[in-house]
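Chains, contacts and geometry: an overview
Spelled out, the chains give:
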Amino acid sequence: MTKLYQKLIKLCPSENEIRKGLKKVDALISEPYDKHLLMNILNVIDLTSLNTTDNKSQIIHLTGKVNSFSGRFSNIPNVAAICVYPNFVPVVKEKLTVKNVKIASVAAGFPASQTFRSLKVTECKMVVEAGADEIDVVLPVGPFLGNDFAIVADEIRELKEAVGDKVLKVIVESGLLSDYEQIFKASMIAMDAGADFIKTSTGKTSVSATPEAAFVMCKAILDFYAETGIKVGFKAAGGIATTTDAVTYYNIVGTCLGQEWLSKKLFRIGASRLANNILTDISGTKNDYF
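The structure displayed is predicted, hence computed values, not measured ones.

**Considerations on the overall build of the protein chain**
Secondary structure summary: the protein chain contains 12 helices and 8 strands in total. Here the C-alpha coordinates of the protein chain stretch approximately 50 × 45 × 35 Å along the principal axes. Expressed as a percentage of its 290 residues, the buried residues of the protein chain come to 54%. Residue pairs in contact within the protein chain that sit at least 24 positions apart in sequence constitute 77% of those at least 6 positions apart. Accessible area for the protein chain stands at about 12600 Å²; split by element, carbon and sulfur atoms hold 51% of it. The distance from the centre of the 33 positive side-chain charges to the centre of the 31 negative ones in the protein chain is 4 Å.

Given below as structure tokens:
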């Protein structure tokens, strides 16, 4: 591992520091939520459809909703991205007409990351060629848990090279890691290897995003930035459905990293149901637009 990694890995926050940090976050949360805050949250959502049952007509329908959003909600900012499986990237590319919404795709053997590395690299290249702006990949958790950290780092470097100037989001699958030190270590390896974002979860495991994991990952981002001057983004995903959930993660990012991170350039929430719940709370009436 690099000298930078060896230096930064020692900075993992203690359980007491995590508790104190989240207590500060809890103190910031109060209802009713400010509408401007809710609009900011909507604008960082990666609107996600990653179901076994997804088909072309469903993805066309979802893309159409994003296209017509501004016509229906003229004073509310649109979502940040549409996130789909690789085979649907060409569909979104063809149908998406709004310019300020990105095309995101999972790749590299999502969600298990258990296939040949050459196939992972090829899939990343293919989704970029198909039109993806952002690629979400899973850190190889098996080798990581086996302490094969050099293999993990080499793979992420190769995937970053494969996507070039596109955004690489590396999922550490925090719910499968046994403690905060492992989450911190996985975050540092990913950033040191070139990740543009680090992300909590695939949403395909029994434990997904948690405030504790988010705090640890944001602390890792802060330490990495302090040492390198490189701003890595943070994405919370997996089981985030309620407005209160979203506000919690928004405040974790704001508290740990500052206001500069609270834009879609450096902060995302991956979700499917959340967008409608946020719209409901903005409008004050039940909304199932998406």
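**A look at the pattern of salt bridges**
Tallied over the entire structure, the rule returns 19 salt bridges. Put simply, K7 and E227 hold a salt bridge, and the shortest N to O gap is 3.0 Å. Of this pair, K7 sits in helix α1 (residues 3–8) while E227 sits in helix α10 (residues 211–228), placing them 220 residues apart in sequence. R268 is paired through a salt bridge with E134; the nearest N and O atoms lie 2.8 Å apart. Linking R268 in strand β8 (residues 267–271) with E134 in strand β4 (residues 134–138), this pair joins segments that are 134 residues apart in sequence. Ionic contacts of the salt-bridge type, sharing partners, join the residues D46, E134, D136, K169, K199, K235 and R268 into one network.

**Points about the packing of aromatic side chains**
In this structure the tally under the stated criterion is 10 aromatic pairs. Considering the side-chain rings of Y85 and F110, the 6.2 Å spacing of their centres and the 70° angle between planes classify their relative orientation as edge-to-face. Pair noted here: Y85 is in the loop between β2 (81–84) and α5 (89–95) and F110 is in the loop between β3 (102–106) and α6 (117–130), with a separation of 25 residues, a long-range link. Residue Y85 shares its accessibility class with F110, and that shared class is buried.

**Quick notes on the environment of V247**
Counting through the fold element by element, V247 comes out in helix α11 (residues 243–257). We classify V247 as buried; its relative accessible area is 1%. Residues V247 and D26 lie 221 residues apart in sequence; the distance between their C-alpha atoms is 9.8 Å. Residues in contact with V247, not counting those within four places in the same chain, are I29, Y33, L37, L38 and I41.

**What to know about the sheet that holds β2**
Through backbone hydrogen bonds, the strands of a sheet pair up, either in parallel or in antiparallel fashion. The strand order β1-β2-β3-β4-β5-β6-β7-β8 describes a closed barrel built from 8 strands, whose pairing is parallel. In this sheet, adjacent strand axes meet at a mean angle of 25° when their direction is disregarded. Where β3 and β4 come together, 3 bridges link them in parallel fashion. Directly across from V106, in β4, lies its bridge partner D136.

**Describing the pairing of β2**
Burial along β2 is two-sided: A81 and C83 and I82 and V84, pointing in opposite directions, are all buried. Of the strand pairs in this sheet, strand β1 (residues 45–48) and β2 are connected by 3 bridges, and their pairing is parallel. The partner of D46 across the bridge, within β2, is A81. In this view, the connection linking β1 to its parallel neighbour β2 by way of helix α4 (residues 56–72) has right-handed handedness. In the sheet, β2 pairs with β3 via 4 bridges, with the strands oriented parallel. Each residue of the ladder has a partner; that of V84, found in β3, is S105.

**A closer look at the pairing of β3**
β3 sits mainly inside the fold: 4 of its 5 residues count as buried. You can see the chain leave β2, run along α5 and come back into β3, and the turn it takes is right-handed. In this region the chain leaves β3, passes through α6 and returns to the parallel neighbour β4; the handedness of that crossover is right-handed.

Conventions and cut-offs
Position numbers for residues start from 1 in each chain and track the written sequence from start to end. Where totals are concerned, whole chains, interfaces and linings use all residues; where local detail is concerned, this predicted model gives features only for residues with pLDDT of at least 70, and gives and counts side-chain atom pairs only at 80 or more. The side-chain numbers reported here are obtained from all heavy atoms of the structure, hydrogens and water having been left aside. What counts as a helix is a DSSP run of H or I of at least four residues, what counts as a strand is a run of E of at least two, and both are numbered from the N terminus. Any residue under 20% of the maximum accessible area for its type is buried, any over 50% is exposed, and the rest in between are partly exposed; the area is computed with a 1.4 Å probe on protein chains only. The contact criterion used is simple: two residues touch if any of their non-hydrogen atoms lie within 4.5 Å. Residue-level accessible areas treat just the shown protein chains as cover; the underlying method is Shrake-Rupley with a 1.4 Å probe. By the counting scheme adopted, Arg and Lys are positive, Glu and Asp are negative, and His together with the chain ends is not counted. To locate a charge, the coordinates of NZ of Lys, CZ of Arg, CG of Asp or CD of Glu are taken. Only one rule defines a salt bridge in this text: a Lys or Arg side-chain nitrogen within 4 Å of an Asp or Glu carboxyl oxygen. Two rings from Phe, Tyr or Trp (for Trp, the six-membered ring) form a pair when their centres sit within 6.5 Å of each other. Planes less than 30 degrees apart are called stacked, planes more than 60 degrees apart edge-to-face, and all others tilted. At least two bridges found by DSSP between two strands is the condition for calling them paired. Only the stretch in contact is used when fitting a helix axis, every axis being a line fitted to C-alpha atoms; angles between N-to-C directions are given from 0 to 180 degrees. Look down the strands so they point away from you; if the path from the first strand over the helix to the second goes clockwise, the crossover is right-handed.

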